Amino acid sequence: MRVTLFSTCLVDLFYTNVGISTVELLEKLGCEVDYPKGQICCGQPAYNSGYKKDSKNAMKQLIKTFDDAEYVVTPSGSCALMLREYGHIFADDEKWADRSKRLSDKTYELTEFIVNVLGIDSIPSTLEGKAVFHTSCHMTRLLGVKEEPKLLLSNVDKLEMKPLANAHNCCGFGGTFSVKMGDISSEMVQEKTRSIKEANVDYVIGADCGCLMNIGGRLKREKETVEVLHIAEVLNREMGV
Amino acid sequence: MSIKIKEGKFKERVTDEMKNDFMRKAVSGAQDSLGNRRLLSTDKLGDWESWRTAGNEIRKHTIDNLTHYLTMLSEQISAKGGHVYFAETDEDARNYIKDVVKKKNAKKIVKSKSMVTEEIGLNAALEEIDCEVIETDLGEYILQVDDHDPPSHIVAPALHKKKEQIRDVFIEKLGYDKTEDPGELAKHSRKMLREKFLNAEVGITGCNFAVAETGTICIVTNEGNARMVTTIPKTQITVMGMERLVPSLEDLDIMVSLLTRAAVGQPISSYVTLLNGPKAEEEVDGPEDLHVVIVDNGRSKILGTEFQDILNCIRCGACLNVCPVYRHIGGHSYGSIYPGPVGAVLTPLLDGYDDHKDLPYASTLCGACTDVCPVKIPLHDLLLKHRQEIVEQGGRAPMSEKLLMKAFGFGASSGGLYESGTKIATVSLKMLLRNKETISNGPGMMKEWTNSKEFPTPKTSRFRDWMSKHESEKKHDER
């Protein structure tokens, strides 16, 4: 199966290892991964700040870039959600309505793609220790991908998943919210890291680099040793390693 | 009091409020316990999602046909002998109510809880004509006694106060001499209020729902105070937002089922009062004279706009109870009588952007509000629409941000610009940062981040550079 990867800017610039793990994982699962170089940011930072007009340039660029793709897969619930919105955003634009809807319809978040399209719910992988899963808001509430990551993690060898108190509460990232409303964001992430510390785990696992950058950035400031991992990195850990 | 309850800048209010540890503990504690109670009560109802859908349909249908149902309601109330007044502005509403009170020569007024009367600043207007206006909802009474402290939650107005504070206020203002025990505090309030009820000449109420087909006013309380307000005084004035109605009693059943569960996790509140006109001849109690004041005050301007869904709101407060931002900043930070997600949407619509343009940004767009809303208002979408309005129509966004976004729009218009831009940025940033793993003290806006968190440094080699190599290795292998 041919899969087109949308890496997202956070992965491209900061979390290259998440991109590498995603590619290796998809290849292991029998996919042929294609990476069109024209891809850029999905436009969400501008769009969610109210700059609808300015964000459309980025969106059109992605629509063109992914025109020929069969499936577009991305290791981010939030960016997947943005691409899913394109169809609505361009609904009244004669020139772009169909093309944008096609992209929305063929875009999948990574775990959603693995479980629902590939039909795989168990991947041979090992991670020894205890972990909590951070349910990111866009992915869980708005994209509606809730059970897929948990199902995949439940089948990782030697990994014990623990509950996270107030898991449903946002970590305070919110894209530009984190720099526009820094003080509020800071209080929110501190409540999140308190819950993580109380869970007494070795790892925090998530499926969105934005949240992980936020939570990880706070844990590092607190000099905590809890390791922050993207789910692609966990699922790509070889069996027995 | 009017919609705007505090002066100053949003961020300054937030800084002040976030220092209030008690308020924050009270809010997060209430969110956690109300959240659990809500889930228990909605689970017991069966398929909550289909109840929400029904609620959404009723509200949407009502608002889509608002003129029709308002006319019907008005005819029904008039037929029963009540008076109906449509107030276009807050001032119109205040003047009408003052006139009614003056004509009765009334000086003693009791009120049950009503957000819309706070929105139109009714109490102050009545006090100006030398009336004594007593709030009889316990939370509102506490706030009134405490020098008119504004409410911080639309259902639990005194959520931000602790019992010790209330005890001290009662000692100072009401001659109270007992402990901070909530039972004793409530008992004292009851004693004080009982006398006010018995002597009141006018009772003023809000309205949870008015039923168009029957002209019924429905008031939902847990304290029974609305029954006292509507049975003892000879004159009753009910004030309602023009959107607060349902077509039929069947619809009311569904809406009340949604309201009490979404608000406080109760299958039904202690009192659900249905009032049908003034006292009839054969009846033993109730007001001789009934006035229903239907307030527009900016609502009709929302009709037909992309914000219309906010008129579906039934003021349950569920969105406040799940909002992770409200959780930390509390109600007073919003500076509006309507706080939380619903307030951040509604306030700029009713009172303009000038004083409230920060409110739509006080959200991570996490969608918790949309998810919990019993009538499915897409609250986070409406917050986003406000942002678009502020940026693209109002021209109120900061210049630095506008330039940044323009540059974003330009840079993102071609893959080539992104390609070269990020390449240069990653290399130069890396050099500047001398290979540190994270940034601890960022410049400009980044400071808002690095004040409390580390920021990662970009990798010298981007993912796409690895991918190019990976793709050529694959091709090589295939050969």
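Engineer: How would you explain the overall build of chain B if you had to name every residue and give the values?
Structural biologist: Within chain B, the secondary structure is distributed over 21 helices and 12 strands. Summarising its shape, the C-alpha atoms of chain B cover approximately 100 × 55 × 45 Å along the three principal directions. The buried share among the 479 residues of chain B stands at 46%. For chain B, restricting intrachain contacts to residue pairs at least 6 apart in sequence, the fraction spanning at least 24 positions comes to 74%.

Engineer: Would you mind going over the overall build of chain A in detail, with residue names and values included?
Structural biologist: Secondary structure summary: chain A contains 13 helices and eight strands in total. For a compact globule of 241 residues, the expected C-alpha radius of gyration is about 18 Å, and chain A comes in at 18 Å, within 12% of that figure. Overall, chain A is about 55 × 45 × 25 Å in size when its C-alpha atoms are taken along their principal axes. Counting over 241 residues, chain A shows a buried share of 59%. Taking as baseline every contact in chain A between residues at least 6 positions apart, the subset at least 24 positions apart corresponds to 76%.

Engineer: I'd like a rundown of the domain arrangement of chain A, residues and numbers included.
Structural biologist: Residues and elements named next belong to chain A. Each domain of chain A was delimited in the assignment, giving domain 1 (2–117) and domain 2 (126–235). Its C-alpha centre places domain 1 at a distance of 22 Å from the equivalent point of domain 2. Across the boundary between the two partners, domain 1 contributes 28 residues, which contact 22 residues of domain 2. When contributions to the side of domain 1 that touches domain 2 are tallied by element, the ones reaching two or more residues are α1 (9–13), α2 (16–28), α3 (44–48), α5 (77–89) and α7 (110–117). Looking at the side of domain 1 that touches domain 2 element by element, the count peaks at six residues for α7. Here the residues of the side of domain 1 that touches domain 2 are counted per class, giving 13 nonpolar, 12 polar and three charged.

Engineer: Would you mind going over helix α6 (residues 97–106) of chain A in detail, with residue names and values included?
Structural biologist: Residue and element names in this part refer to chain A. For α6, the complete set of buried residues consists of Ser100, Leu103 and Ser104. Along the axis of α6, the buried positions cluster into a sector of 100 degrees, meaning they face one direction only. Tucked into the core, α6 has its buried residues touching α4 (52–65), β3 (72–74), α5 and β4 (107–109).

Engineer: How would you explain the interface of chain B and chain A if you had to name every residue and give the values?
Structural biologist: Facing 54 residues of chain B, the contacting portion of chain A comprises 54 residues. A per-class count over the side of chain B that touches chain A returns 26 nonpolar, 16 polar and 12 charged.

Engineer: I'd like to hear about the packing of helix α11 (residues 182–199) of chain A against helix α12 (residues 209–221) of chain A, residue by residue, with values.
Structural biologist: Residue and element names in this part refer to chain A. Two numbers describe how α11 lies on α12: the axes approach to 10 Å, and their chain directions differ by 75 degrees. The angle between the axes of α11 and α12 places the two elements in the roughly perpendicular class. When α11 is examined against α12, the residues Val189, Gln190, Lys192 and Thr193 are found in contact with a partner set consisting of Asn214, Ile215, Arg218 and Leu219. Class assignment for the residues of the contact of α11 with α12 results in three nonpolar, three polar and two charged.

Engineer: An account of the nonpolar core is requested, with residue identities and associated values reported.
Structural biologist: Residue and element names in this part refer to chain B. Counting residues in each nonpolar core, the largest one holds 200 residues, and the members touching the most others are Val295 and Cys319. With eight residues, helix α12 (residues 249–264) is the largest single contributor of residues to this core. Look past the residues within four positions of Cys319 in its chain and what remains in contact with it is Gly340, Pro341, Val342, Cys369, Val372, Cys373 and Leu379.

Engineer: Tell me what's going on with the environment of Ile77 of chain B, and back it up with residues and numbers.
Structural biologist: Residues and elements named next belong to chain B. As for its position among the elements, Ile77 is in helix α4 (residues 66–79). Residue classification places Ile77 among the buried residues on the basis of 26 C-beta atoms within 10 Å. Put simply, Ile77 and Gly215 are 138 residues apart on the chain and 4.8 Å apart in space, counted from C-alpha to C-alpha. What Ile77 contacts, discounting residues up to four positions off in sequence, is Gly82, Val84, Gly215, Gly277 and Val292.

Engineer: An account of the sheet that holds strand β1 (residues 83–87) of chain B is needed here, citing residue identities and associated values.
Structural biologist: The pairing of strands in a sheet comes from backbone hydrogen bonds and takes either a parallel or an antiparallel form. Residues and elements named next belong to chain B. The six strands lie next to each other as β1-β10-β7-β4-β2-β3, forming an open sheet whose pairing is parallel. Every other strand in the sheet has two partners, leaving β1 and β3 (132–135) as the edge strands with one partner each. Direction aside, the axes of adjacent strands within the sheet are offset by 20 degrees on average. Strands in contact with helix α5 (residues 90–103) are β1, β4 (202–205), β7 (235–241) and β10 (289–295); relative to β10, the strand with the most contacts, it is inclined by about 170 degrees.

Engineer: Report on unusual backbone geometry, specifying residues and quantitative values.
Structural biologist: Residues and elements named next belong to chain B. In this structure, Asp130 is a non-glycine residue whose phi angle is positive, near 65 degrees. Assignment of secondary structure puts Asp130 in the loop between α7 (122–128) and β3. Look at Asp130 and you get exposed, because 7 C-beta atoms sit within 10 Å. We note that Arg315 has phi near 55 degrees; this positive angle belongs to a residue other than glycine. With respect to the element layout, Arg315 can be found in the loop between β10 and α13 (318–322).

Engineer: Tell me about the sheet that holds β3 of chain A, and name the residues and values.
Structural biologist: Residues and elements named next belong to chain A. Spatial strand order, β2-β1-β3-β4: four strands in an open sheet with parallel pairing. Strand pairing shows two members of the sheet lacking a second neighbour, β2 (32–34) and β4, which therefore form its edges. Across the sheet, the axes of successive neighbouring strands diverge by a mean angle of 35 degrees, strand direction being ignored. Bridging between β3 and β4 involves three bridges; their strand directions are parallel. Residue pairing for β4: Thr74 is matched across the bridge by Glu109.

Engineer: Could you give an account of the packing of helix α3 (residues 48–64) of chain B against α12 of chain B, naming the residues involved and the relevant values?
Structural biologist: Residues and elements named next belong to chain B. Viewed as axis vectors pointing N to C, α3 and α12 meet at an angle of 125 degrees, and their least axial separation amounts to 10 Å. With respect to their mutual orientation, α3 and α12 come out oblique. Our pair here, α3 against α12, has a crossing hand that is left-handed. In this structure, α3 uses Trp51, Ala54, Gly55 and Ile58 to contact α12, whose residues at the interface are Asp251, Ile254, Met255, Ser257 and Leu258.

Engineer: Just give me the short version of the pairing of strand β7 (residues 203–206) of chain A, but keep the residues and values in it.
Structural biologist: All names here are of chain A. Judged by which residues are buried, β7 turns out to be covered on both faces: Tyr203 and Ile205 on one side and Val204 and Gly206 on the other are all buried. Bridge count between strand β5 (residues 126–133) and β7: three bridges; the pairing is parallel. The residue bridging Ala131 from the neighbouring strand is Tyr203, located in β7. Note on the crossover from β7 through α12 to strand β8 (residues 227–230): the handedness is right-handed.

Reading the values: the criteria
Residues numbered from 1 in each chain as written. Chains lettered and ligands numbered in written order. Predicted model: local features only at pLDDT ≥ 70, side-chain atom pairs only at ≥ 80, totals over all residues. Helix = DSSP H or I, 4+ residues; strand = E, 2+ residues; numbered from the N terminus. Buried ≥ 20, exposed ≤ 12 C-beta atoms within 10 Å, placed from the backbone. Contact = placed C-beta atoms within 7 Å. Rg over C-alpha atoms; globule rule 2.2 N^0.38 Å. Domains from an automatic or database assignment. Nonpolar A, V, L, I, M, F, W, Y, C, P; charged D, E, K, R; others polar. Arc of directions from axis to C-beta. Axes fitted to C-alpha atoms, helices over the stretch in contact; angles between N-to-C directions. Parallel < 35°, antiparallel > 145°, perpendicular 65-115°, else oblique. Core = buried A, V, L, I, M, F, W, Y, C linked by C-beta atoms within 7 Å. Pairing = 2+ DSSP bridges. Left-handed = near helix turned anticlockwise from the far one by under 90°. Right-handed = clockwise from strand over helix to strand, strands pointing away.

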